[in-house]
Amino acid sequence: ADANARYVAAFRKGLNETGYIEGQNVTVEYHWLEGQYDRLPALMTDLVRRQVAVIATPGNAGTSAAKAATATIPIVFAVGEDPVRLGLVASLARPGGNATGINFFTSEVVAKRLLLLHDFVPKAIRIAVLLNPANASIAETTLREAHEAAPTIGLQIQIHNASTIGEIDAAFTTFAHERPDALFVAADAFFLDRRVQLATLTARDRIPAAYGNRDLVAAGGLMSYGTDLAAVFHQVGVYTGSILKGAKPADLPVLQSTKFEFVINLQTARALGI
């Protein structure tokens, strides 16, 4: 919960703008996965059994689990990939079912982020890519996009998996032997939650690292490129409030992020001699 306070505040702001104040005329029940994606099916089954009014689920894995659990309870999602390809909606303009939300482009900017990392650290050729296989959808698309983009930029990528705190530590132990020139971390909620651990390890080993979210750079990472997730959570709040007021998900078009941020931690850059 602490790691996501900024996003919860943005979600509440969106709700407030539609006339809903938490604790006054709406109750919000929060669930924190803490990287344990295997809890999702049981969680969604319970929410459906209790007939909640709306399921707001920022994230690919949560959205897929919610969609599998119910075809009637409204779902407001935020996903990093094409929701049509994921089978969540019939089209962006006309979702057509019980789900709608926002697409914030995770996989589509993998190549751009790799290119920015190469521009920033031009001597970096061997890039370690850190994936979370427990979040299969994001891991698979990041892997695919990285494999396609790397040769065109002149990069060699080494794939490493981590789904737990210990596995992140183990990955960095491997880096000590393989000596990658830089680290490319998938835009995954688990890695966002572990941002202090990642910042500590990359600083210790002097590894330039690129992320998809500015919060990891604020924690000490070198750079990030991606959408502002606070704006995404705000829109989830707005759509959740709209549905509580009577709007149908099928009538609310899926929105797409338009603002992208390139964020650099200058202190980290100086420490790395960049």
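Whatever comes next refers back to the structure up there.
Residues numbered from 1 in each chain as written. Predicted model: local features only at pLDDT ≥ 70, side-chain atom pairs only at ≥ 80, totals over all residues. Heavy atoms only, no water.

### Structural notes on the overall build of the protein
Logical step 1: Of the regular secondary structure elements, the protein holds 11 helices and 10 strands.
Logical step 2: Its C-alpha atoms give the protein a radius of gyration of 19 Å, near enough to 19 Å, the size a compact globule of 274 residues would have.
Logical step 3: For the protein, the spread of C-alpha atoms along the principal axes amounts to about 55 × 35 × 35 Å.
Logical step 4: Relative to all contacts within the protein whose residues are 6 or more apart in sequence, the contacts with residues 24 or more apart total 70%.
Logical step 5: On the protein, roughly 12,500 Å² of surface is accessible, and the fraction owed to carbon and sulfur atoms is 54%.
Logical step 6: With 24 positive and 25 negative side-chain charges, the protein shows a spacing of 4 Å between the two charge centroids. (Helix = DSSP H or I, 4+ residues; strand = E, 2+ residues; numbered from the N terminus. Rg over C-alpha atoms; globule rule 2.2 N^0.38 Å. Contact = heavy atoms within 4.5 Å. Areas by Shrake-Rupley, 256 points an atom, 1.4 Å probe, with all protein chains shown as cover. Lys, Arg positive; Asp, Glu negative; His and termini not counted. Charge placed at Lys NZ, Arg CZ, Asp CG, Glu CD.)

### A closer look at the packing of aromatic side chains
Logical step 1: Applying the stated criterion across every chain, the model contains 7 aromatic pairs.
Logical step 2: Plain terms: the ring middles of Phe190 and Phe191 are 5.7 Å apart, the flat faces sit at 45° to each other, and that makes the pair tilted. An identical accessibility class is assigned to Phe190 and Phe191; each is buried.
Logical step 3: With a centroid separation of 6.2 Å and 15° between ring planes, the pair formed by Tyr225 and Phe260 is classed as stacked. Residue Tyr225 is found in strand β8 (residues 223-227), and its partner Phe260 is found in strand β10 (residues 260-264); the two are separated by 35 residues along the sequence.
Logical step 4: Relative accessible area serves as the criterion here: at 15%, Tyr225 is assigned to the buried category.
Logical step 5: Owing to a relative accessible area of 31%, Phe260 belongs among the partly exposed residues under this scheme. (Phe/Tyr/Trp six-rings, centres within 6.5 Å; stacked < 30°, edge-to-face > 60°. Buried < 20%, exposed > 50% of the residue type's maximum accessible area, 1.4 Å probe, protein only.)

### Describing a nonpolar patch on the surface
Logical step 1: The grouping of Phe262, Ile264 and Leu266 at the surface amounts to a nonpolar patch, some 260 Å² of accessible area in total.
Logical step 2: According to the relative accessible area criterion, Phe262 is partly exposed, its value standing at 39%. (Patch = residues over 30% accessible without salt bridge, like charges linked within 9 Å, V, L, I, M, F, W, Y side chains within 5 Å. Salt bridge = Lys/Arg side-chain N within 4 Å of Asp/Glu carboxyl O.)

### Focus: helix α10 (residues 229-244)
Along an α-helix, residues three or four positions apart point the same way, because every turn accommodates 3.6 residues.
Logical step 1: Taking 1.5 Å per residue as the helical rise, α10 with its 16 residues ought to reach 22 Å, and the 23 Å between its terminal C-alpha atoms agrees with that figure.
Logical step 2: The element α10 is largely enclosed, with a buried count of 12 among its 16 residues.
Logical step 3: All of the buried residues along α10 are Leu229, Ala230, Val232, Phe233, Gln235, Val236, Gly237, Val238, Tyr239, Thr240, Gly241 and Ile243.
Logical step 4: Those residues of α10 that are buried are in contact with α1 (5-17), β1 (55-58), β2 (75-79), β3 (99-103), β8 and β9 (255-256).
Logical step 5: Put simply, Asp228 is the residue that caps the front of α10, since its side-chain oxygen is 3.1 Å from the backbone nitrogen of Ala230.
Logical step 6: Note on α10: the residue one or two positions beyond its end, Gly246, has a positive phi of about 120°. (Expected span 1.5 Å × (residues − 1). Polar contact = N/O pair within 3.5 Å; in protein donor to acceptor, adjacent residues only side chain to side chain.)

### Quick notes on the pattern of salt bridges
Logical step 1: For the structure shown, the criterion picks out 12 salt bridges.
Logical step 2: In this structure, Arg12 engages Glu22 in a salt bridge whose closest nitrogen and oxygen atoms are separated by 2.7 Å. With a gap of 10 residues between them, Arg12 in helix α1 and Glu22 in the loop between α1 and α2 (40-49) connect regions that are remote in the sequence.
Logical step 3: Overall, the relative accessible area of 35% leaves Arg12 in the partly exposed class.
Logical step 4: Given a relative accessible area of 29%, Glu22 falls into the partly exposed group.
Logical step 5: Residue Arg50 is joined to Glu29 by a salt bridge in which the shortest nitrogen-to-oxygen separation is 2.7 Å. Placement of Arg50 in the loop between α2 and β1 and of Glu29 in the loop between α1 and α2 is noted, with a sequence separation of 21 residues between them.

### What about the nonpolar core?
Logical step 1: Ranked by size, the top nonpolar core spans 64 residues in total, and within it Ile127, Leu183 and Phe191 carry the most contacts.
Logical step 2: It is α10 that provides the largest number of residues to this core, a total of 7 residues.
Logical step 3: Residues contacting Phe191, with those up to four places away along its chain left out, are Leu130, Leu131, Asn132, Ala162, Ile168, Val185, Ala186, Leu198 and Leu216.
Logical step 4: Listed in part, the 19 residues of the second largest apolar core include Met44, Val48, Leu88 and Val89. (Core = buried A, V, L, I, M, F, W, Y, C linked by side-chain atoms within 4.5 Å.)

### Quick word on the packing of helix α4 (residues 110-120) against helix α5 (residues 136-153)
Logical step 1: Relative to each other, α4 and α5 sit at 45°, their axes nearing to 8 Å. Viewed along their axes, α4 and α5 adopt a mutual orientation that is oblique. The handedness of the crossing between α4 and α5 comes out as right-handed. From α4, Val110, Ala111, Leu114, Leu115 and His118 reach across to α5, where they touch Thr142, Glu145, Ala146, Ala149, Ala150 and Ile153.
Logical step 2: Residues that form the contact of α4 with α5 fall into these classes: 8 nonpolar, 2 polar and 1 charged. (Axes fitted to C-alpha atoms, helices over the stretch in contact; angles between N-to-C directions. Parallel < 35°, antiparallel > 145°, perpendicular 65-115°, else oblique. Left-handed = near helix turned anticlockwise from the far one by under 90°. Nonpolar A, V, L, I, M, F, W, Y, C, P; charged D, E, K, R; others polar.)

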